[in-house]
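Fold and contact review
Each chain is listed here by its residues.
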Amino acid sequence: MELEFHGAASEVGRSCIQIRTDKGKRYLLDVGIKFLEDGLGFPKNVLDIDKIDGVFLSHAHLDHSGGLPLFEHKELKGPIFCTRHTFAISKILLKDSYKIARIRHLHPAYNNTDIKEVQKDTSFVDFDKWYKHEDVRFMFLNAGHIPGSAMILLEVDGKRVLYTADFNNRKTNLMVPFKIGKVLREKPVDVLITESTYGYRELPDREGLEKKFIASIYKTLGEGGSVLIPVFALGRAQETLIMLSKHDFPVKIYFDGMSKKMTKKIVTTKNKYLAGHDALKQMFYEKVEWVASEKRRSDALKKQGIFITTSGMLQGGPVLSYLKDLWHDSSSKIMLMGFQCKRTNGRNLLDEGFVYMDGWKTKVKCHVEKYDFSGHADKEGVQTLVKELKPTHVFFQHGDFESVNALKEWADNNADCKAYAPAVGDKYNI
Ligand SMILES: [Zn+2]
């Protein structure tokens, strides 16, 4: 077989790997996009899209799924395999990204019909079951990253290939973590393609971090301030709700933005790997106040409260309405919940203490904290996977240059396998 990396190789974004089998069949693992300053980046050099025999979609995040409407536009005909949760969630994300692209005049090369075509071509798979398509056998395994997320195990040309996509082997409130199960132990994995997002560092202890996060909320409330928690609609929003559900805060918790729609989809779609389903459902329907209008926002802001809302990097969404009210309050706190990209409001706030609101550069007086509640495995998690699976070939991708090369160097010296840190456009014969 031949592997070709069309994206997410020594970079994060536009995940897309082609497997060409000995019989000449072509399959794609993910079709993602990359957010660039001047628009969107798509997988590079994917030729004859109408002749692709199938797509395996690992999860709903746009850097894995966002290129599908464009590929439909270019007459993709093969089925798109994914789990039910991934389908339900990517529908919301794709529609939203299309709207944003139009508002910002990013000119996506596709239209709304293409998003509908993606849905028509989708074929659902259950976790932990073997399926057959053309000359490949495959199984989706729980990846523990976000609801619906899967690792994809393929048997092709007499070899086993495991594509981890994004995975998490550490316990979170929302997801059952990834574990090496029976199916991965019964036969050796010949080719491992793994993510490397945190390839160069270890993440903080999860339980300790949660305690620190909750203590910090109590401290601010005790000092008379409010707490603003900007969240990513998928994953972090639900994780935050479950963490807060374990406590009885003396103020109301308000839930706003796209995360409402997302949470509803998540609690109403069946998934055996959603660990926090009951707590999330109860919190969402019974304990938080939903907010959906400017009037409700300004009413909510009249009193002390905990405000959870999108977007996670303060680049848009209702979070800016809350910020307009709270920025000058030195007793209030903004709690960032994950990585902040360069040149976003979130990053500016973290590094230099300012944000842009209505075009004005505004110095924010609130306390600012950042918590790394990541949905990814860290350096140790990826290394453990390689050590336990003992593949013949390991490809480190979905990480910046520093991350993939740190892992390749580690594997060269510590693991008995051939290690690669591919660049976009690289092809390998296995
Ligand atoms: Zn992801």
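Residues numbered from 1 in each chain as written. Predicted model: local features only at pLDDT ≥ 70, side-chain atom pairs only at ≥ 80, totals over all residues.

Things to note about the overall build of the protein
- Scanning the protein from N- to C-terminus turns up 14 helices and 24 strands.
- In terms of overall dimensions, the protein is globule-like: its C-alpha atoms have a radius of gyration of 22 Å, near the 22 Å expected for 430 residues.
- Projected onto its principal axes, the C-alpha positions of the protein cover 65 × 45 × 40 Å.
- Considering the protein as a whole, with its 430 residues, one finds that 50% of them fall into the buried category.
- Taking all contacts inside the protein whose residues are at least 6 apart in sequence as the whole, residues at least 24 apart take part in 75%. (Helix = DSSP H or I, 4+ residues; strand = E, 2+ residues; numbered from the N terminus. Rg over C-alpha atoms; globule rule 2.2 N^0.38 Å. Buried ≥ 20, exposed ≤ 12 C-beta atoms within 10 Å, placed from the backbone. Contact = placed C-beta atoms within 7 Å.)

With respect to the sheet that holds strand β18 (residues 333-336)
- If you trace the six strands from one edge of the open sheet to the other, you get β16-β15-β17-β14-β18-β21, paired in parallel fashion. Each edge of the open sheet is held by one strand with a lone partner, namely β16 (289-291) and β21 (367-370). Taking the axes of each pair of neighbouring strands and ignoring which way they run, one obtains an average angle of 20° across the sheet.
- Bridging between strand β14 (residues 227-230) and strand β17 (residues 305-309) involves four bridges; their strand directions are parallel. From the neighbouring strand, Leu-228 faces β17, where its bridge partner is Phe-307.
- Most of the contacts of helix α11 (residues 319-326) go to β14, to which it runs at about 150°, and overall it touches β14 and β17. (Pairing = 2+ DSSP bridges. Axes fitted to C-alpha atoms, helices over the stretch in contact; angles between N-to-C directions.)

Some points on the domain arrangement of the protein
- When cut into domains, the protein gives domain 1 (2-201 + 375-429) and domain 2 (206-370).
- Taking the mean C-alpha position of each, domain 1 and domain 2 sit 29 Å from one another.
- With 20 residues of domain 1 at the contact, the number on the domain 2 side is 19 residues.
- Top contributing element to the side of domain 1 that touches domain 2 by residue count: helix α3 (residues 84-103), with six residues. (Domains from an automatic or database assignment.)

Here's the deal with the nonpolar core
- Counting residues in each nonpolar core, the largest one holds 124 residues, and the members touching the most others are Met-151, Ile-152, Ile-229 and Ile-308.
- Leaving out residues up to four positions away in the same chain, Ile-229 has contacts with Thr-240, Ile-306, Phe-307, Ile-308, Met-335 and Met-337. (Core = buried A, V, L, I, M, F, W, Y, C linked by C-beta atoms within 7 Å.)

Digging into the sheet that holds strand β11 (residues 150-156)
- An order of β9-β10-β11-β12-β13-β22-β23 is seen for the seven strands of this open sheet, with the pairing classed as mixed. Pairing within the sheet leaves two strands with one partner each, and these edge strands are β9 (131-133) and β23 (418-420). Adjacent strand axes in the sheet meet at a mean angle of 20° when their direction is disregarded.
- As paired elements, β9 and strand β10 (residues 136-142) share three bridges and run antiparallel to each other. Looking at β10, one finds that Lys-132 is bridged to Arg-137.
- On the sheet, helix α14 (residues 401-414) packs against β22 (393-397) and β23 and is oriented at approximately 160° with respect to β22.

What to know about the environment of Asn-142
- Structurally, Asn-142 can be placed in strand β10.
- Taking C-alpha positions, Asn-142 is 22 Å from His-393, a pair spaced 251 residues apart along the chain.
- Contact partners of Asn-142, with chain neighbours within four places excluded, come to Phe-127, Ala-150, Val-176, Phe-178 and Tyr-273.

Looking at unusual backbone geometry
- A cis amide bond links Thr-310 to the next residue, Ser-311, at an omega of 5°.
- Here Ser-311 shows up in the loop between β17 and α11.
- Backbone geometry places Glu-134, a non-glycine residue, at a positive phi of 50°.
- Its location among the elements puts Glu-134 in the loop between β9 and β10.

Looking at the pairing of β10
- With six of seven residues buried, β10 is to be regarded as a mostly interior element.
- Pairing of β10 with β11 involves six bridges; the strand directions are antiparallel. Residue pairing for β11: Leu-141 is matched across the bridge by Met-151.

As for the pairing of strand β20 (residues 360-363)
- In the sheet, strand β19 (residues 354-357) pairs with β20 via four bridges, with the strands oriented antiparallel. Across the sheet, residue Met-357 finds its bridge partner in β20, namely Trp-360.
- In this antiparallel pair of consecutive strands, β19 and β20, the connection spans two residues, and Asp-358 shows a positive phi of 50°.

Side note on helix α12 (residues 345-352)
- When α12 is considered as a whole, its buried residues turn out to be Asn-345, Gly-346 and Leu-349. In an axial view of α12, the angular spread of the buried residues amounts to 105°, which keeps them on one side of the axis. Residues Asp-351 and Glu-352 are exposed on α12 and point more than 90 degrees away from its buried face.
- As for α12, its buried residues are in contact with β14, β18, β19 and β21.
- Once α12 ends, the next one or two residues include Gly-353, with phi positive near 75°. (Arc of directions from axis to C-beta.)

A look at the environment of Met-335
- By the secondary structure assignment, Met-335 is in strand β18.
- Between the alpha carbons of Met-335 and Leu-228 there is a distance of 6.3 Å; along the sequence they are 107 residues apart.
- In this structure Met-335 touches Val-227, Ile-229, Glu-369 and Tyr-371, once residues within four positions along its chain are discounted.

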